[in-house]
Amino acid sequence: MKDRILCARQTKLDFEQNIGDKMPTKFEDEYQPLLIKETKDKLPKLPNKSLLLAACAACIGGTFQYGYNVSVINAPTLHVQNFINQTWRERYQTNISVDALTLLWSTIVSIFTVGGLVGVTVGGTLSVKLGRKGTLLVNNIFALTAALLMGLSYPTGLFELLVVGRFFTGVNAGIGLCVQPLYLGEIAPTAFRGAMGMGTSISITVGILSGQVIGLKEILGREEHWPILLSTTCVPAFLQLLTLPWFPESPRYLLIDKGDDKGCKKALKQLHGLAGCDGERDDIEKERNNLRDFQAKKPWELFTDRSVRWQLLTIMLLNAAQQLNGINAIYFYAEYLFTQSGIPADKIPYVTVGTGACECVTALTCGLLIDRLGRKVLITGGYVLMSICCILFTLTLSFQDASPVVPYFSMACLFAFILSFGLGPGGVTNILTTELFTQTARPAAYMIAGSLNWLSFFLIGLVFPFVVIGLQQYCFLVFLAVCSLTATYIFFVIPETKNKTFVEIQNDFKSLRHRKAHNGDGAEPTLF
């Protein structure tokens, strides 16, 4: 019996060896997964250290600046308004009117979104002409200029410099939001593209938290320190200028856009090491072969290209929903809820820091889960949970005075909403913008998505106060509709992109278009 078992095992080994030695090369790739299927389920090794450092260098002067400049302007509100009033009195020997002061302060705050729209409009074009890394480095000029102008506003007595400085911080943030996700998505290996793409969301939340912490009165939140506080935007710019030049340009950009084969090989070796560079090179080569004779597309060309219709509709909907889903309303109600819960006014800034820390934790959690659970599960689940929170938030605000316990339920809903947003929509949206397009269409897609995102940001800031006045707590029913409809669209339309190459994702959308138009002229050719 023992001899028979040994003989059977030897026969199996001989058969597998024979298959491996004699199978024709053209069939080997097809049948190899059947022979070693179990290796597909093994988790990939950790990314190269150089790759992680390159991502950090890109983030610190990229989307970190966006989060930092969104939050840092909140702390010196009263101090800047006092400065404007003082300057006005010195110029015109009279105090500024309340309406004029409100208008000037609103301009200082909202001009940031105008700059962001300008930045995202030019960011895609610059990323094609200067490269992803080159654009990020040049972008620091705007941050340094803004820091200089805002720092000089107080000693020169020119509050107009604050308006110009905030505009430049917006341009810097707009370019960073457009180009940094491009860079991270293109340098990342397929297995870690989700986690690397989460660098965008993580750096935004870390920027928001940093602005909240530095704005505390124990650090730079006192009245005499506000010019220094606003000019600290130069620090991330200097850090990026010192670190990013040590890392290579995007290998995809070098090979597909510039045809620099030698530069691509060198970049891949530095980012992925000798062991991982060959597989990534094959993926880039396949994409280049499919895009041969194609040039980078302009944004208006995407609107007339039927091959990317569903991808374009998807990223437009997701980027608009990212701003219109109620996350800004939650922060609007935060201070009111903290006050209702009995938190002293001088302690509210510290609780606000807690909301920033909450966002950081969820962004990091999403980064750990995204390549395990997939994009579709996280973003759909996030919007579903946000829909539930909208219902609960409406109920708790409606019965706020019914019991002393109700405000605490409202606070729980607030933090649950922030957690749900960070776990799904806040992190996955930018990754999908990278993954749903190939190299020639990606910069234009980011210009369109970014423009819509900034316009929605501006719109919600302009309209939301009137919505709150008109609907009060029932405004969250509007956000409930946005979240639930977005979740439904994602569930039925967007394919899972986890562990798929850009070419495979394009083929998934071609299959979707074929199913939608199966009675039409037929299917489009599949990319190989």
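Just so it is clear, the model here is predicted, and its values are computed rather than measured.

Calculation notes
- Per chain, the residues get numbers from 1 upward, laid out in the order the sequence is written.
- Local features are withheld for residues below a pLDDT of 70 in this predicted model, meaning they are given only at 70 or higher, and side-chain atom pairs are given and counted only at 80 or more; totals for whole chains, interfaces and linings count all residues.
- With hydrogens and water stripped out, all remaining heavy atoms of the structure feed into the side-chain values.
- Going along the chain from the N terminus, every DSSP run of H or I of four or more residues is numbered as a helix, and every run of E of two or more is numbered as a strand.
- Remark: exposure states derive from per-residue accessible area (1.4 Å probe, protein chains only) relative to the maximum for the residue type, with buried under 20%, exposed over 50%, and partly exposed in between.
- Here, residues are in contact when the closest pair of their heavy atoms is within 4.5 Å.
- Polar contact is the term for a pair of N or O atoms within 3.5 Å; when the atoms are in protein, one must be able to donate a hydrogen and the other to accept it, and sequence-neighboring residues count only if both atoms are side-chain atoms.
- Two rings belonging to Phe, Tyr or Trp (six-membered ring only in the last case) form a pair when the distance between their centres is within 6.5 Å. Interplanar angles under 30 degrees mark stacking, angles over 60 mark edge-to-face geometry, and anything in between is tilted.
- Geometrically, a lysine NZ or arginine CZ counts as sitting over a ring once it is within 6 Å of the ring centre and also within 35 degrees of the ring normal.
- Note on geometry: axes are C-alpha line fits, over the in-contact stretch for helices, and angles between N-to-C directions span 0 to 180 degrees.
- Each residue gets one label: Ala, Val, Leu, Ile, Met, Phe, Trp, Tyr, Cys and Pro are nonpolar, Asp, Glu, Lys and Arg are charged, and the others, such as Gly, are polar.
- The term salt bridge refers to a pairing of a side-chain nitrogen on Lys or Arg with a carboxyl oxygen on Asp or Glu at a separation within 4 Å.
- The predictor's confidence in any single residue is recorded as pLDDT, a number from 0 to 100.
- What makes a nonpolar core is a set of buried Ala, Val, Leu, Ile, Met, Phe, Trp, Tyr and Cys residues whose side-chain atoms join them at distances within 4.5 Å.
- An expected span of 1.5 Å times one less than the residue number is assigned to each helix.
- The seven residues ending at a residue and the seven starting there each receive a fitted axis; the angle between those axes is the bend at that residue.

1. Focus: the overall build of the protein
Looking only at helices and strands, the protein has 23 helices and zero strands in total. Within the protein, buried positions represent 49% of all 528 residues. Here the contacts in the protein between residues at least 6 apart in sequence split such that 82% fall between residues at least 24 apart.

2. What to know about the side chain of Asn319
The residue Asn319 is located in helix H15 (residues 309-324) in this model. For Asn319, a relative accessible area of 3% corresponds to the buried category. A distance of 2.7 Å separates the side chain of Asn319 from the backbone oxygen of Ile315, its partner in a polar contact. Of the polar contacts made by the side chain of Asn319, one reaches the side chain of Asn453; its length is 3.2 Å. In contact with Asn319, not counting residues within four places along its chain, are Thr429, Thr433, Ala449 and Asn453.

3. With respect to the packing of aromatic side chains
Summed over the entire model, instances satisfying the criterion amount to 14 aromatic pairs. Relative to Tyr154, the ring of Phe83 lies with its centre 5.6 Å away and its plane at 50°, an arrangement referred to as tilted. Here the residue Phe83 occupies a position in helix H5 (residues 77-92), and Tyr154 occupies one in helix H7 (residues 132-156), the gap between them amounting to 71 residues. For Tyr154, a relative accessible area of 44% gives the class partly exposed. Judged by centre distance (5.7 Å) and plane angle (70°), the ring pair of Phe476 and Phe479 falls under edge-to-face. Taken together, the residues Phe476 and Phe479, both in helix H22 (residues 475-493) and three residues apart, mark about one turn of the helix. Phe476 sits in the buried class, given a relative accessible area of 0%. Under the relative-accessibility criterion, Phe479 is labelled buried at 5%. Here the aromatic cluster, defined as three or more aromatic residues joined through ring pairs, consists of Tyr66, Phe112, Trp454 and Phe457. Between Arg193 and the ring centre of Phe502, over which it is positioned, the NZ or CZ distance is 4.5 Å. For the cation-ring pair, Arg442 lies above Phe502, with the distance from its terminal atom to the ring centre recorded as 4.2 Å.

4. Thoughts on the packing of helix H20 (residues 425-435) against helix H21 (residues 442-471)
Contact geometry of H20 with H21 gives a least axis separation of 9 Å together with a crossing angle of 145°. On the side of H20, the interface is formed by Asn430, Thr433 and Thr434, while H21 contributes Arg442, Ala445, Tyr446 and Ala449. Along the lines of polarity and charge, the residues of the contact of H20 with H21 split into three nonpolar, three polar and one charged.

5. Side note on the pattern of salt bridges
Applying the stated rule across the entire model yields twelve salt bridges. Residue Lys265 is joined to Asp261 by a salt bridge in which the shortest nitrogen-to-oxygen separation is 3.6 Å. Note that Lys265 and Asp261 are positioned in helix H13 (residues 261-290) at a spacing of four residues, about one turn of the helix. On the accessibility criterion, Asp261 (27% relative accessible area) is partly exposed. For Arg281, the salt bridge goes to Glu285, with nearest N and O atoms at 3.2 Å. Separated by four residues within a single helix, Arg281 and Glu285 lie in helix H13, roughly one turn from each other. Note on accessibility: Arg281 and Glu285 belong to one class, buried.

6. Structural notes on the confidence of the model for the protein
Scored by pLDDT, the protein comes out at a mean of 84, with 87% of its residues at no less than 70. Taking the mean pLDDT of every element in the protein, the minimum, 41, falls on helix H2 (residues 25-35) and the maximum, 97, on helix H11 (residues 234-243). Residue range residues 18-43 is modelled with pLDDT below 50. Its contacts to residues more than four positions away, or to other chains, number five contacts. Within the model, pLDDT remains below 50 along residues 522-528, and this stretch shows 15 contacts once partners closer than five positions in the same chain are excluded.

7. Observations regarding the nonpolar core
Ranked by internal contacts, the top residues of the largest apolar core, which has 90 residues, are Tyr183, Phe393 and Phe476. Broken down by element, this core gets its largest block of residues, eleven residues, from H21. Leaving out residues up to four positions away in the same chain, Tyr183 has contacts with Ala54, Ala58, Arg132, Lys133, Leu136, Leu244, Phe247, Pro248, Glu249 and Ser250.

8. Examining helix H6 (residues 98-129)
Every α-helix winds through 3.6 residues per turn, so residues three or four apart in the chain are directed the same way. Between its terminal C-alpha atoms H6 stretches 47 Å, which fits the 46 Å expected from 32 residues at 1.5 Å a residue. At Gly123, H6 is deflected by roughly 35°, the largest bend along its length. Taken from the residues just after H6, Gly131 is the one with a positive phi, measuring 90°.

9. Quick notes on unusual backbone geometry
Not every positive phi belongs to a glycine, and Gln93 is a case in point at roughly 55°. As for its position among the elements, Gln93 is in the loop between H5 and H6. A relative accessible area of 63% means that Gln93 is categorised as exposed. Of note, Asn499 is a non-glycine position whose phi angle comes to about 60°, a positive value. Of note, Asn499 is situated in the loop between H22 and helix H23 (502-516). Overall, the relative accessible area of 44% leaves Asn499 in the partly exposed class.

10. Section: the environment of Ile505
Mapped onto the elements, Ile505 comes out in helix H23. Taking relative accessible area as the criterion, Ile505 reaches 0% and is therefore assigned buried. What Ile505 contacts, discounting residues up to four positions off in sequence, is Arg193, Glu435, Leu436, Thr497 and Lys500.

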